[in-house]
Amino acid sequence: MNPNRLRDIPIFKHLSKSELQRLAGWLQVQSVPEGYQLVREGAFAHEFFLIEDGEAAVLQDGERIAVLSPGDFFGEIGLLETERRTASVVATTPMEVIVMFQPEFEQMKSELPTVADQVQAAIRARVERA
């Protein structure tokens, strides 16, 4: 993925150009249509998503509890702990999402520990606000 796409994402705003370039190698971009279920409540969590474009609904027990938009992220528990999803996330518009899987996050922790620490701090801050 092009590292320039990461510059405007709040969770990555403090990273240097070289850190963004290395991070981009661990990320994938996915386009999803409206109605696509990105994560399913109760399923195992192994990836983390950042919304680049579009919106999604967060559903818990079938009830909409939140709406996510560009700059928001979800699935962070998949990076910090391997647990089951606590909610479902469904695209309410066509979306572009950036995805990082658990193995890539572990590689980032090993090769760029300061970047991993910054990302984990941002994730933990979000979890604490929730």
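From a predicted model like this one, the values you see are computed outputs, not experimental measurements. (Residues numbered from 1 in each chain as written. Predicted model: local features only at pLDDT ≥ 70, side-chain atom pairs only at ≥ 80, totals over all residues. Heavy atoms only, no water.)

Draft legend 1. Representation of the environment of Asp53. Relative to the assigned elements, Asp53 resides in strand 3 (residues 47-53). Once you skip the residues sitting within four places of it in the chain, Asp53 turns out to touch Pro70, Pro94, Met95 and Glu96. (Helix = DSSP H or I, 4+ residues; strand = E, 2+ residues; numbered from the N terminus. Contact = heavy atoms within 4.5 Å.)

Draft legend 2. Structural detail: the sheet that holds strand 7 (residues 88-91). Ordered by their spatial adjacency, four strands build an open sheet running 2-7-4-5, and the pairing between neighbours is antiparallel. Only two strands of the sheet have a single partner each, and these edge strands are strand 2 (37-39) and strand 5 (63-68). Across this sheet, the average inter-strand angle for adjacent strands is 30°, counted without regard to direction. (Pairing = 2+ DSSP bridges. Axes fitted to C-alpha atoms, helices over the stretch in contact; angles between N-to-C directions.)

Draft legend 3. Region of interest: the side chain of Arg85. Mapped onto the elements of the fold, Arg85 is located in the loop between helix 2 (77-80) and strand 7. Those residues in contact with Arg85 that sit more than four places away from it in its chain are Val39, Arg40, Glu41, Gly42, Ala43, Phe44, Ala45, His46, Glu47, Phe49 and Gly75.

Draft legend 4. Focus on the pairing of strand 4 (residues 56-60). One ladder, built from five bridges, connects strand 4 with strand 5; its direction is antiparallel. Residue pairing across strands places Val58 opposite Ala66, the latter belonging to strand 5. Of the strand pairs in this sheet, strand 4 and strand 7 are connected by four bridges, and their pairing is antiparallel. Across the sheet, residue Ala56 finds its bridge partner in strand 7, namely Ala91.

Distances and angles like these do not, on their own, reveal function.
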